[in-house]
Amino acid sequence: MNRIISIILLFSTICVSSIKAQGRVTVEDMMEQVKSIYPVSFVYDSSIKLNIPYSGKKPSMVSLENSLETIFSNTGIKWEIDGDYVILKRLSSYTLSGYIYQENGETVINTTVWDITSNTGTLTNEHGFYSLTLNEGKHKIRFSHISCGEQTEDITLKGNKSQNIYLKADYRINEVVVTADLNSPIYTTQTGKISLTAKDFISGNNFMSSPDVVKKLQSLSGVASGTELISGLYVHGGGNDENLFLLDGTPLYQVNHAGGLFSAFNTDIVKNIDFYKSGFPARYGGRLSSVVDVRTNDGNMKEYHGSFTLGLLEGRIQFEGPIVKDRTSFNVAMRRTWLDLLTAPSFAIMNTSRRDKQNTRYAFHDINAKVTHIFSEKSRADISLYSGNDILKNNGKYYTMSNELANIDNFNLQWGNFTAAANWKYIFSHKLFANFTGVYTHNRSKFDYLSEERLGYIEGLDGAIIKIQNNHSTINDFGYRMEFDYRPNTWNHIRFGSNYMRHIFMPQNYYSKYENATNNELTGRIKSQYKSNEFTLYAEDDISLGSRLKLNGGIHYTMFGIANTKYHSVEPRAAMNIKLCDNASFKISYTEMSQFMHQLSATYLNLPTDYWVPSTEKIPPMRSRQYSAGIYSRLPYNIRLSIEGFYKTMNNLIEYNGDKQLNPSADDWEENVRTGKGKAYGAEADISYSNGKTSVDASYTLSWSKRFFPDFHQSWYPDKFDNRHKFSINLSHKFSDRIDAYASWNFHSGNRMTIPTQKVEAPAIPGTENKNESIMVYETPNNISLPAYHRLDLGINFRKTTKRGFERIWNVSLYNAYCRMNPLYATVTQKEDGSFVGKAHGVFPIIPSFSYTLKF
Amino acid sequence: MRHKFIYIASLLITLSSCTYEFNIDDVEAKKKPVIFCMPNTLGDTTLIQVSQSMNVNNKGTNSSAKPDITFKLNGVEKEIKYTEKATDLLPANSYYVLGKLKEGDKINLEASYPDMPTAKSSTVIPQPFPLEKWDMILKDGSYGREIQFRISFTDNAETKDYYGVRIINKESHWVYYTEYDKI
């Protein structure tokens, strides 16, 4: 019976295929129709395939030329009438390439380059370069970017051609309408990719009227923000040290200022940010959970411009312009807090009327500087520098009644980064672009403490009790990156390259000294250093198979060597995009990632005293696997909707066991960490609408994040930031050229914390008085969710353009507009009736702020 | 003046920490028996303290039944005695076992209440504390003068041992004030 059914099915399949084949019209069939009407013969080389399916419109047969034009358009075949013969030849392919610029000479990343004639296109890469291989002949090419405008050019290809394009945003129209944005999730193969430009930071996601990159990322779906007002980024259940931050290709380790109130990225200089939560392309590696690829502006090649901003806590200044017009440009941006300029004289005045002297100071600064030079059409280079530093100082001198110095207390904590990158971009051919970068990163955290107690006031004693503690933690990275971008044809986009980084970790250079009047010295010294090499090779190909299917396959290989240990990591990356219809696609991806360094922290507060350590012989690299799939669509009325799911596993996670002290000691840290694993899964929905004046973005995330550390707890338990539900909505509206306002409401289920589950009577100790005390017993980690977090932020910008063309912007904003005291931590207390209740403690109230910006 | 008061009051209200209560009845917790016992070679009475834990999720009530306790010394079950009133050596409502213990004695202890899991524990009376010498010095600390006890002993590396120190009496002497604190 089964055999008969199989035969019937096979026969039916053959019949259906045969019928389909019979119904399929080919180019050859259309030629026969032409021959039946016109007395011509076709002459062509046998290598030209004519039995390809014909999908064009039916030729009118009004004239031979019109009919031939209709049949052979988009077939790669050109025709020529010679008497009674029609000669067919294969069209040659030529490559159109170049850079896309804004009017000011700034290159534009992720610009769509679309050939309307052949319905094919490409995107500019991270350096603004594009390459598109097309058939010879006339083409209508549309260059468009969501923020920079659209431009159409008629181009005739008779050979390879370089064409640089300057996009002009047309300010006469109320909206920048862009059709067929190839960077849209509908067209790319990557799942979990979001691109942001400087314009995305104008409305909302700021603190104290200062736009912030990390706060914007925290508002996205699939990202947990951690503790309020700290720049934590927990992406798809990952840890805060699992995010790769790249500033013009250079990795940054410390991205926080003021404990996380501000991130290290100055939005005045940001050109583009590509943020990946899943589906990581093969060119990225080294972190498990996310990639934040920040590219900065090169500087205006034509005119001098800048901006100045003064807010409640910090001030920013940015200045750019040509050194040699259309050849060399510079861009400098600085940001600094200014409160210490007030506190320093205030303390000085206070100290004049007090016996004891005290001075407290906090400040941070960022400096970004970039110089770009264009050697020729093919060759350009830039040098970019970044310096960021936080300083917290407290100095005190205390005197006796007789004005003799009794005590000195000096405390100094500094942390920050310095990075330098030299890039050289070269176009080897119209199809091959390369970027070579030399990279240096220095990350430091410095803590100095001095306490001196003079003993002269104690009769019979002399000298002083001196306590000194210094702790310096540094990372020095230097190396190179080589990236090649090769586009042999319109259906292949190949990237390959190599990176090398030499890491020198000095997690802790600790020195302490104690001297007292009896010369009883206790000194401590810990000096630790790790040197490692990280070498990477990668290759990936974005392949279009027809108009409906796109694949991305890649391999990322890393060799990590430290002391006598070598780790090899082969990380496959695969993604697929199936176009369901013109306005919707289904995508699926699989990625493996490895991470060879870990940030040790005893708390979840991301303190500057936390330090990074590498994988060693005892501590293997962390590893993750992530599956992701989703549907991405464009609905009527310019509404974009995407629904994406993910499942991620993480292995070889480590955490400091916090046994001995708050700060882990670097000389035996391997003995004080425990290893475990994690998993996270969930679904995200994002919807957005924009009509130029009004924009609405809303997202919802449903997710779970768990950990298993068997030395700590015998079963899986929820992660600290396992927020079950997350919802956010951002609304911005432009009332006129002078006023625009924004509002955003963010909600998420409370962070998790560990509370005791039992209360027991403390034992009576034999030989001592029984005090009837009790002990709280903790059984399961993160066993409760704090009350839900929600917050409304409002803001309004008042703009005015002066007669000299300067733009003035006043921003007034309210953080936490309805003053919801969201819980930062909780305790458990027993009421008088014996029942237990949780008490949540909130700290951050409504915070108003304003800032003044002048753009010139 | 009134305006200043309103501004300051608003500032204090908005900037002060806010505490509010939330329900923790959903926390998973089960009542359990609790045993404390510190067998030692001093004296001839071993105190056994057994009680019931209290759930923070406000669920469940204490059992009024007496616990079922088993005390075995080197595998031999000993008689459990109970005192309702406090004595010189024992607190009120406590259980105890009579008999002198020595180093190397193995003790197994179990206690259970109806509808609760059984609490089990075992230990071996360790060898005497291997004290070599001890010293007490005055040193500077984070919060002023500190007393530091320096205890020298030899630990057996082959066994995982736990040590504790109990300060019986402390007397502090202030320079400026002739006041004595006794703890």
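A tally of helices and strands in chain B yields one helix and 14 strands. Sequence-distant contacts, at least 24 apart, represent 45% of the contacts inside chain B between residues at least 6 apart. Approximately 13900 Å² of chain B is accessible, and the part contributed by carbon and sulfur atoms is 54%.

Right, let's get into the overall build of chain A. Along chain A, the regular secondary structure elements total five helices and 54 strands. Dimensions of chain A, computed from the C-alpha atoms along their principal axes, are close to 125 × 85 × 55 Å. Buried residues in chain A amount to 52% of all 856 residues. Sequence separation of 24 or more characterises 64% of the internal contacts of chain A that already satisfy a separation of 6 or more. With the model as given, the accessible surface of chain A reaches about 38300 Å², and the carbon-plus-sulfur share is 56%. The positive charge centre, built from 92 side chains, and the negative charge centre, built from 84, are 4 Å apart in chain A.

All names here are of chain A. Two elements in contact, helix α2 (residues 27-37) and helix α3 (residues 64-72), have axes separated by 10 Å at closest approach and are oriented at 175°. Accordingly, the angle class assigned to the pair α2 and α3 is roughly antiparallel. Where α2 approaches α3, its residues Val-27, Met-30, Met-31 and Val-34 are matched on the opposing element by Leu-64, Ser-67, Ile-71 and Phe-72.

Time to look at a nonpolar patch on the surface. Residue and element names in this part refer to chain B. Among the surface-exposed residues, Phe-129, Leu-131, Trp-134, Met-136, Leu-138, Ile-147, Phe-149, Ile-151, Phe-153, Tyr-163, Val-165 and Ile-167 lie close enough to one another that they form a single nonpolar patch of about 1200 Å² accessible area. Where the nonpolar patch is concerned, the elements lending two or more residues are β11 (131-141) and β12 (144-153). Taking relative accessible area as the criterion, Leu-131 reaches 44% and is therefore assigned partly exposed.

Residue and element names in this part refer to chain A. Tallied over the full model, the rule gives 40 aromatic pairs over all chains. Measuring from centroid to centroid gives 5.0 Å for Phe-484 and Phe-496, while their planes differ by 10°, and the two rings are stacked. In this pair, Phe-484 is assigned in strand β30 (residues 464-489) and Phe-496 in strand β31 (residues 492-515), connecting sequence segments 12 residues apart. We classify Phe-484 as buried; its relative accessible area is 18%. Members of the aromatic cluster, joined through ring pairs, are Trp-424, Tyr-426, Phe-428, Phe-436, Phe-484 and Phe-496.

Residues and elements named next belong to chain A. A full pass over the atoms with the stated rule returns 34 salt bridges over all chains. Glu-32 is the partner of Lys-35 in a salt bridge, and the nearest nitrogen-oxygen pair spans 3.5 Å. Separated by three residues within a single helix, Lys-35 and Glu-32 lie in helix α2, roughly one turn from each other. Residue Glu-314 pairs with Arg-316 through a salt bridge whose shortest N-O separation is 3.6 Å. Summarising the burial analysis for this pair, Glu-314 and Arg-316 share the class buried. One connected set of salt bridges, linked through shared partners, spans Glu-106, Asp-248, Lys-271, Asp-298 and Lys-370.

This part is about the side chain of Asn-499 of chain A. Within the element layout of this structure, Asn-499 of chain A appears in strand β31. Each residue touching Asn-499 of chain A, except ones within four places of it in the same chain, is listed here: Arg-283, Tyr-480, Arg-481, Met-482, Glu-534, Phe-535 and Thr-536 of chain A.

The next thing to look at is a positive patch on the surface. Positive charge collects at one region of the surface, where Arg-738, Lys-800, Lys-803 and Arg-808 of chain A lie side by side. In this fold, Arg-738 of chain A is placed in the loop between β44 (725-734) and β45 (739-748).

This paragraph deals with the confidence of the model for chain A. Residues and elements named next belong to chain A. Predicted confidence across chain A gives a mean pLDDT of 86, with 91% of residues reaching 70 or more. Note on residues 8-21: pLDDT under 50 across the span, and zero contacts to partners over four residues away in sequence or across chains. Contacts from residues 171-177, a stretch scored under 50 in pLDDT, to residues over four places away or in other chains number seven contacts.

Residues and elements named next belong to chain B. Mean pLDDT over chain B: 80, with 80% of residues reaching 70 or higher. The low-confidence segment residues 1-5 (pLDDT under 50) makes zero contacts with residues lying over four places distant or belonging to another chain. A low-confidence stretch, residues 177-183 (pLDDT under 50), is modelled with 15 contacts involving residues beyond four sequence positions or located in other chains. Taken together, the chains of this predicted complex give a pTM of 0.83 and an interface ipTM of 0.74.

The rules we used
Residues numbered from 1 in each chain as written. Chains lettered and ligands numbered in written order. Predicted model: local features only at pLDDT ≥ 70, side-chain atom pairs only at ≥ 80, totals over all residues. Heavy atoms only, no water. Helix = DSSP H or I, 4+ residues; strand = E, 2+ residues; numbered from the N terminus. Contact = heavy atoms within 4.5 Å. Areas by Shrake-Rupley, 256 points an atom, 1.4 Å probe, with all protein chains shown as cover. Buried < 20%, exposed > 50% of the residue type's maximum accessible area, 1.4 Å probe, protein only. Lys, Arg positive; Asp, Glu negative; His and termini not counted. Charge placed at Lys NZ, Arg CZ, Asp CG, Glu CD. Axes fitted to C-alpha atoms, helices over the stretch in contact; angles between N-to-C directions. Parallel < 35°, antiparallel > 145°, perpendicular 65-115°, else oblique. Patch = residues over 30% accessible without salt bridge, like charges linked within 9 Å, V, L, I, M, F, W, Y side chains within 5 Å. Salt bridge = Lys/Arg side-chain N within 4 Å of Asp/Glu carboxyl O. Phe/Tyr/Trp six-rings, centres within 6.5 Å; stacked < 30°, edge-to-face > 60°. pLDDT = per-residue confidence, 0-100.

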